[in-house]
Amino acid sequence: MGSQVYVNGKEIENPHEFHHHVAPKKQYVQVLGALLVLTVLTVAVSYADLGPLSLPVAMLVAAVKASLVCAFFMHLKDDDRFNVFVFVGTLLFVAIFFSFTLFDLGARNAVNDEQKTFEYWNDEAAAGNALKVGVDHVPEKAAALKAAHAGGHGDGHGGDHGDAKAEGHGDAKAEGHGDAKAEGHGDAKAEGHGDAPAGEHEAKAPANHEAPGGH
Amino acid sequence: MSTTSHGSGQHEEYPPYLAHHFDTMGQQAGAAKLGMWLFLATEILMFSGLFLAYFIIRYFYPDMMLSAHEFLQKEAGALNTVVLLISSYTMAMAVRAAQTSNTPSLKRNLLWTLLCAGIFMVVKYFEYSAKIEHGMLPGRFYEAHYHGYELVGLPHIFFAVYFTMTGLHGVHVLVGMGIITWIYIRASRGDFHSGNYIAVENTGLYWHLVDLIWIFLFPLLYLVR
Amino acid sequence: MAHHPAHADHAPEPDYIRAKKGIMSWLVTVDHKRLGLMYLASVLFFFLVAGILAIALRTELFTPGQDFMSAQTYNKVFTLHGAIMVFLFIIPSVPAAMGNFLLPLMLGAKDVAFPKLNLLSFYVFSVAAIMFISTLVMGSIDTGWTFYTPYSTATGGAATMAVFAVFVAGFSSILTGVNFVVTVHRMRAPGQTWDRLPLFVWAIYATAVIQVLATPVLAITVLLLGLERIFGVGIFDPALGGDPVLFQHFFWFYSHPAVYIMILPGFGIISELLTVHSRKHIFGYKAIALSSVAIAIISFLVWGHHMFVSGQSELAGIVFSFLTFAVAVPTAIKVFSWVATLYKGSISYTTPMWYGLMFLWTFTIGGLTGLYLGTLSIDVHLHDTYFVVAHFHYVMVGGTVVAFIGGLHHWWGKMTGKMYNEKAGAIGALLVFVGFNGTFLTQFFLGHQGMPRRYYAYLSEYQFLHQISTIGSWILAAGLLWTMIYLLHSLWYGEKATGNYWNATSLEWHTQSPPIEHNFHDTPHVTGSPYDFPEIDKSGATH
Ligand code: HEM
Ligand SMILES: [Cu+2]
């Protein structure tokens, strides 16, 4: 009897059709070879001083490697076109995500303070103000470390200038910034209302709490 | 108009590995593969957030990035790159072995892949230990400047990015090792042959994605200047 | 369109509810219909919980001063209300509950593509729910559902747990999305071509695409936020060298598309309700179907409209404001097509139709006020006021929840095998309509007058409008409770539902109510549009 078989809403010719494409072994070996060569290339290029070009070049080589893996190891070359579409479409959305976000960060024109969070720290460093780094944000731990490393422990790690420098950290400047900054993000409407969940974190609470919500 | 195309009892051949809600193997395998590609899409988008964070930090703190990345061991990174590429190759060969119903070769290649993954994790372990020992820890735990290392700017961000990116990638490697082990057990039972190998193929796709991400992580974290 | 399989030669088969017995047969089921019901029960439970919180919030706002909630408590309650409503009710509501039940039926398939994944997704959702609830005993969260940094990196309480709960919930959403995309691509019945898919399927498909593309970014966002809290990684926290506005970019890259995860399925339901209950072929089938996909894509280009006054660059603000208007185009196409569908239709005022008509009013108000907010200069004034609260409730409640309740009535007999009482349904719809508009229409005025959102107390000038709003919320609550009561009542005392009680044509009506375990006795064969009603004018038909 005419037992027709349908897949995805369409009639198909041969119900046992099961598409697969077996690539020759040699091809896989060649691809691996190419990948290893390209790896050597990236490492080599990283020693050559390409200046601002180094990032694009490194990304280009990585992209070539990635395409090789996709096309041959992941079989996209002979696969259902729709899977290719899914993959390329994904990259498109990654591009949207990247471009808008980077565009905004690049376009911040520092008319007001809150638009230049990152630049602030670079300005501070350029002005010769020591920045608070890592554990310095946890005063008790930093103090304990300072004490423990006071006795020339730094030598063990190959640096004898450790102690002197460490003193400079924990500058009041950096502290002050945390507050002023956060305040800047606040909203005029916040002022004067006592209900913002401030708690111990006076500095940040009112600022952020008024931040916009959503749908 | 409704016609009855095929009722329940009409499949002369309904292999045990064909689930009841599919009509043909082609449909089942196609569905599984599309599902896998969609899953990979979600993985790519998830990692993209980390890459974006990396680029932004790099864009705003270039000097810090340059000074901090010098402390990663290029050789270890390169070794791991090679190891992962080879594992990708052996995985591709495993899929090919399944396609050609060659179970011994399938099992062998899966073991090679597992071995490479193991080496990768061991190298990672040594890298991490070195970082931890030098106090080059993420964020608030960063204390390298008390160990005598003076880095420019705010290096705790670089190490946070480093640990997050490689950590999340490492978790994927571990998950991959688990899946490959499971596929190995199934292969030993004789589950896979040219008529049914989509599970092997999907595992391969996942594993290649893990490799793909590393292909970008390696130059960004270890090499770029 | 296909017709009832007129095969009398099948022995009567038990329906899917009675096919297997015992609690275990539910806990490990892979039947999409049972999972749909399990999701339905879960999301309705969370709707109830978060609804009670909402009434508490509104009641606190009855007078200008503090009544029974301190500022801190109010913050925690609105956060819990918003977060539960968004992550545990509305996102899984239509897709995971109704979509699960209906999608394979509408496609003429035996199940979704990955039934086991479907079960896994349900359990992942349950874990997320438990994690969320556990924050209650860990000191609660007071960040608002948006978790904005830097406050969220510093506040105590259970924010870390809440953030990871969102991560897990996102995982469940991704699994459902992947499953549905594959199901639509690979599981369609013979003859079920893309232009013969019911519009509900198109809507769920577009939703699933967004779930797959956007949710991973939410996952990484909350992961980074969790790490920021634990390690202080310094990406989002300005004190450590990061940028809090960056968090908003990450968050809204997901959350603006996510508002379409919430509303698109509602659109799909409305397309079904309006045609079936006016017995007229949908107007502009292709336009409605493709506008869902267009919305899904454009929704990724507008997220910055949440950040106009957050320190985003002005240039980005202008670009995002412009793009925001683009979303209105496909949305308007839909509304026009629905209205045109009703024109000269033979409308029957059933409960689903009441909800369908209600949607046309309330959603349109919600959508149009979105354009006010998308206008850069106007948003500077309206941002973070009750105008925003009113806008998103008109969309979420007046749009999605209304569509959801309408759909629940439409397919209630299909799902449960019992009919609800029409008169009771009409009373419920009236209460919901009056209560809803009373609650939220007033809030547009409040917001316009400058009443900020997220406050437990206010100036006495606002008292009159606030009191109307609160009374409205009580009426709304009464309407919803009434609806719950008569629906539950129908489970025991309702009339038995016939296989095709609306005399509709899409495939889910070609099997008995409730359907048998494998949906259809024979694989259906589709030969035409799902909206060819036998007795009606086909002037709107495109095929
Ligand atoms: C059942 C009737 C509802 C009432 C009476 C109600 C009432 C409220 C109130 C009073 C607030 C706090 C506003 C403020 O102080 O800023 C609020 C916030 C919110 N509601 Fe509702 N709501 C209802 C249903 C819903 C539904 C169904 C959803 C979502 C699907 C929802 C989502 C939200 C969100 C996201 C917030 C913002 C929370 C935040 O600011 O973090 N609500 N709602
Ligand atoms: Cu939005």
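Residues numbered from 1 in each chain as written. Chains lettered and ligands numbered in written order. Predicted model: local features only at pLDDT ≥ 70, side-chain atom pairs only at ≥ 80, totals over all residues. Heavy atoms only, no water.

## Let's talk about the coordination of the iron atom of ligand 1
Residues and elements named next belong to chain C. The protein atoms that coordinate the iron atom of ligand 1 are His 81 (NE2) and His 393 (NE2), at distances spanning 2.1 Å. Note that the iron atom of ligand 1 binds six donor atoms; their angles at the metal cover 86 to 179°, and the shape is octahedral. Taken together, the residues span a long stretch of sequence, with His 81 in helix H3 (residues 71-107) and His 393 in helix H13 (residues 386-416) at a distance of 312 residues. Neither residue differs from the other here; His 81 and His 393 are each classed as buried. (Donors = N, O, S within 2.8 Å, 3.2 Å for Na, K, Ca; no water. Tetrahedral: all angles 85-135°; square planar, octahedral: opposite > 155°, others 65-115°. Helix = DSSP H or I, 4+ residues; strand = E, 2+ residues; numbered from the N terminus. Buried < 20%, exposed > 50% of the residue type's maximum accessible area, 1.4 Å probe, protein only.)

## Observations regarding the site of ligand 1
Not every one of the 25 residues close to ligand 1 is listed here, only the nearest: Tyr74(C), His81(C), Trp145(C), His393(C) and Arg454(C). Looking at what sits near ligand 1, you find residues from chains A and C. At a separation of 2.8 Å, a nitrogen atom of ligand 1 approaches a polar side-chain atom of His81(C). Side-chain polar atom of Tyr386(C) to an oxygen atom of ligand 1: 3.3 Å apart, as the coordinates give it. (Near = heavy atom within 4 Å. Polar contact = N/O pair within 3.5 Å; in protein donor to acceptor, adjacent residues only side chain to side chain.)

## Here's the deal with the nonpolar core
Counting residues in hydrophobic clusters, the biggest one holds 310 residues, and the most contacted among them are Phe159(B), Met98(C), Trp338(C) and Phe359(C). If you tally residues by element for this core, the top one is H3(C), at 24 residues. Sequence-distant contacts of Phe359(C), defined by excluding residues within four places in its chain, comprise Ile263(C), Phe267(C), Ile270(C), Trp338(C), Thr364(C), Gly398(C), Gly399(C), Val402(C) and Ala403(C). (Core = buried A, V, L, I, M, F, W, Y, C linked by side-chain atoms within 4.5 Å. Contact = heavy atoms within 4.5 Å.)

## Topic: the packing of aromatic side chains
Counted by the stated rule, this structure contains 67 aromatic pairs over all chains. Relative to Phe126(B), the ring of Tyr125(B) has its centre 5.4 Å away and its plane inclined at 70°; by these criteria the two rings are edge-to-face. Residue Phe126(B) is classed as exposed on the basis of its relative accessible area, which comes to 55%. Its guanidinium or amino end placed over the ring of Tyr47(A), Lys74(B) lies 4.0 Å from that ring's centre, counting from NZ or CZ. In this arrangement the basic side chain of Arg34(C) is found over the ring face of Trp26(C), its NZ or CZ atom lying 4.2 Å from the centre. (Phe/Tyr/Trp six-rings, centres within 6.5 Å; stacked < 30°, edge-to-face > 60°. Lys NZ or Arg CZ within 6 Å of the ring centre and 35° of its normal.)

## Observations concerning the confidence of the model for chain C
All names here are of chain C. The pLDDT averaged across chain C works out to 92; a share of 96% of its residues lies at or above 70. In this model, residues 1-9 is a region of pLDDT below 50 whose contacts with residues beyond four sequence positions or in other chains number 25 contacts. Note that residues 537-543 has pLDDT below 50 and, in this model, 15 contacts with residues that lie over four places away or in other chains. Model confidence for the complex is summarised by a pTM of 0.88, with the ipTM given as 0.92. (pLDDT = per-residue confidence, 0-100.)

## Observations regarding unusual backbone geometry
With an omega of 0°, the peptide bond running from Thr149(C) to Pro150(C) counts as cis. Here Pro150(C) is to be found in the loop between helix H4 (115-134) and helix H5 (151-154). Positive phi, close to 55°, is recorded for Ser101(B), a residue that is not glycine. Residue placement: Ser101(B) occurs in the loop between helix H3 (74-99) and helix H4 (103-133).

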